[in-house]
Amino acid sequence: MALHVRGVLLPDDEVRDLWLVGDRVTFDPVPGAETVVDGGFVLPGLTDAHCHLGIARGGAPITSLDQARAAAHVDVDAGVLAIRDAGSPYPYPELDDDPGLPRLARAGRHVAPPRRYLRDIGVEVDAPQVAATVAAQATAGNGWVKLVGDWIDRGTGDLAPAWDADTMTAAVAAAHAAGARAAVHTFSEAGAEIMVRAGVDSVEHGTGLSLDLIDLMARQGTALVPTMINIRTFGGIAEQARAKFPGYADHMLALRDRFPEVVRSAYEAGVPIFVGTDAGGGIDHGLAAEEMLLLHSQAGMPAVDVLAAASWRAREWLGFPGLVEGGLADLTVYPTDPRRDLSVVRTPSRIVLRGRVLR
């Protein structure tokens, strides 16, 4: 049966009627449709643009599809109806069209330098094998590859790029030649410098970004997914590392402390910013609303732009049309205007996924 929705369709300010016919949206009236929303503020479903359904709590790879499903259901319950998995050690293409799960954009496994990333998570290769490995991982995902741009170098006791600039540039080119977009994990100044200039499509975390790189990202259209929830963990990371690597510990704290200003500068420069939590491993699923609130309170993004970064713009970026004619039938509804009080995104009053009412 077709469903009828009536409410304030954001980002507009007017009450609109729309109909959900199967998994599609239309603004043409459908006689006999069941009204499932009558009032409230309607968004085209939240998006977590950086999470890991294939990494279990604690950091180990998952071992079954049921674990991935369970993590995704936590996100759905929070109103997250589209996900970009930014690197998974466990393949799960069978879930791409699962009717009970969010829309999925996926990378394959992280491509990482040997012995310089989380154990058992990435494909670890030396520089000569990076481009070929990226091309292979492009076929393991459905449109994205994930590069580890930097990590701690225990020989120097601080963050350092994973590979040289020529290798990184060739890796991004290999991803694009394979029809995939490239996302890069980067914390350090040097890693960010190499990867932005290499033409990567999205910077994940990006604590080391300079104003010059931010301006270049804005010109290139390079996206930033700040994962501010993740950056709050830098204090614990620094404390654990300080005995052996005091320089690294101090560096991580400095990156953490300046990060809200980095994100604010990126926003003001016009860099596309999207909401991502880095859920999986050390971060729980279902926290997109908390990431949104951090972008608003710490980075100073206006509520309407945070909503766009988590909803209609993020979905467009990932290729999942929103609540437009012929778009996908995903929506979350809030009882009051989230532009006036963003905290309402913690408590959606109605969730519709793929044309099915879940709440």
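Values in this document were obtained by computation on a predicted structure and should not be read as measured data. Residue numbering note: each chain is counted from 1, following its sequence as written. Totals for whole chains, interfaces and linings use every residue, but because this is a predicted model, local features are given only for residues with pLDDT of at least 70 and side-chain atom pairs only at 80 or more, for both listing and counting. Calculation of side-chain values draws on the structure's entire complement of heavy atoms; hydrogens and water are dropped beforehand.

Q: How do you make sense of the nonpolar core when you look at a structure like this?
A: Generally speaking, nonpolar side chains in soluble globular proteins are found buried as a group. Only buried residues count toward a nonpolar core, which is a set of Ala, Val, Leu, Ile, Met, Phe, Trp, Tyr and Cys residues joined through side-chain atoms within 4.5 Å. Three labels apply to residues, based on accessible area from a 1.4 Å probe with only protein chains included: buried if under 20% of the type maximum, exposed if over 50%, partly exposed otherwise in between. Among the nonpolar cores identified, the biggest contains 95 residues, and V134, L147, L209 and M292 are the most heavily contacted of them. Every residue in contact with L147, bar those within four places of it in the chain, is listed here: V111, V134, A171, V172, A182, A183, V184, H185 and M195. By definition, residues are in contact when any of their heavy atoms lie within 4.5 Å.

Q: It is not clear to me how the packing of aromatic side chains should be interpreted in this structure. Could you clarify?
A: The geometry of an aromatic ring pair is captured by the separation of the ring centres together with the interplanar angle, meaning the angle of the planes. For Phe, Tyr and Trp, where Trp contributes only its six-membered ring, two rings pair if their centres lie within 6.5 Å, and the inter-plane angle classes them as stacked under 30 degrees, edge-to-face over 60, or tilted in between. If you walk through the whole model with that rule in mind, you get four aromatic pairs. Here Y117 and W151 contribute two aromatic rings whose centre-to-centre distance is 4.8 Å and whose plane-to-plane angle is 70 degrees, an arrangement assigned as edge-to-face. Residue Y117 is found in the loop between β8 (111–112) and β9 (123–124), and its partner W151 is found in strand β11 (residues 150–153); the two are separated by 34 residues along the sequence. An identical accessibility class is assigned to Y117 and W151; each is buried. Between the aromatic rings of F187 and F234, the centroid separation amounts to 4.9 Å while the plane-to-plane angle is 75 degrees, which identifies the pairing as edge-to-face. Helix and strand definitions follow DSSP, with helices as H or I runs of at least four residues and strands as E runs of at least two, each counted in order from the N terminus.

Q: For this particular structure, what's the right way to read the environment of A180?
A: Mapped onto the elements, A180 comes out in the loop between α3 (165–177) and β13 (181–186). The class of A180 is buried, set by a relative accessible area of 6%. Linking A180 and V123, residues 57 residues apart in sequence, is a C-alpha distance of 17 Å. Beyond its immediate stretch of four places on either side in the chain, A180 contacts A138, G143, W144, V145 and A175.

Q: Sorry, what's going on with the sheet that holds strand β6 (residues 80–85) here?
A: Pairing between the strands of a sheet is mediated by backbone hydrogen bonds and can be parallel or antiparallel. Spatially, β5-β6-β7 is the arrangement adopted by the three strands of the open sheet, whose pairing is parallel. Lying at the two open borders of the sheet, with one neighbouring strand each, are β5 (46–51) and β7 (103–106). Averaged over all adjacent pairs, the angle separating strand axes in this sheet is 15 degrees, with direction ignored. Strands are labelled as partners when DSSP assigns at least two bridges between them. One ladder, built from four bridges, connects β5 with β6; its direction is parallel. Each residue of the ladder has a partner; that of T47, found in β6, is A82. An axis is simply a line fitted to the C-alpha atoms; with a helix, the fit covers only the stretch in contact. Between two such axes, the angle follows the N-to-C directions and lies from 0 to 180 degrees.

Q: What exactly am I supposed to notice about the pairing of strand β1 (residues 3–9) here?
A: Within a regular strand, side chains alternate between the sheet's two faces. Across the seven residues of β1, six count as buried, placing the element largely inside the fold. Inspection of the sheet shows β1 paired to strand β4 (residues 34–43) by six bridges, in the parallel sense. If you follow R6 over to β4, its bridge partner there is D38. Sheet analysis places β1 next to strand β2 (residues 15–21), joined by six bridges and oriented antiparallel. Within the sheet, the bridge partner assigned to G7 lies in β2 and is R16. In sequence, β1 turns back onto β2 through a hairpin of five residues.

Q: Mind showing me how you'd approach the side chain of T332 here?
A: One can find T332 in strand β16 (residues 331–334). T332 gets classed as buried once you look at its relative accessible area, which sits at 0%.

Q: Any chance you could explain the pattern of salt bridges here in plain terms?
A: A side chain of one charge can pair with a side chain of the opposite charge when the charged atoms of the two come close. In what follows, salt bridge is the name for a side-chain nitrogen of Lys or Arg lying within 4 Å of a carboxyl oxygen of Asp or Glu. Tallied over the entire structure, the rule returns 18 salt bridges. Ionic pairing is found between R103 and D330, a salt bridge with its closest N-O pair at 2.8 Å. Linking R103 in strand β7 with D330 in the loop between α11 (312–318) and β16, this pair joins segments that are 227 residues apart in sequence. For the pair R103 and D330, one class covers both residues: buried. Across the pair R315 and D330 runs a salt bridge whose closest N-O atoms are separated by 2.7 Å.

Q: It is not clear to me how α3 should be interpreted in this structure. Could you clarify?
A: Spacing of three or four residues puts side chains on the same side of an α-helix, whose turn is 3.6 residues. Between its terminal C-alpha atoms α3 stretches 18 Å, which fits the 18 Å expected from 13 residues at 1.5 Å a residue. Residues T167, M168, A171, V172, A174 and A175 constitute the buried set of α3. What you see down the axis of α3 is that its buried residues fit within an arc of 160 degrees, all on one side. Facing away from the buried side of α3 by over 90 degrees, the exposed positions are D166 and A177. The inward-facing, buried residues of α3 abut α2 (130–140), β10 (144–148), β13 and α4 (189–198). Any N or O atom pair separated by 3.5 Å or less is treated as a polar contact, with the protein-specific requirement of one donor-capable and one acceptor-capable atom, and with residues adjacent in sequence counted only for side-chain atom pairs. Of the residues that open α3, the one with a side-chain oxygen 3.1 Å from the backbone nitrogen of D166 is D164. Of the residues one or two after α3, G179 is the one with positive phi, at around 85 degrees. By this rule, a helix spans an expected 1.5 Å times one less than how many residues it contains. In this description, the arc belongs to the directions extending from the helix axis to the C-beta atoms.

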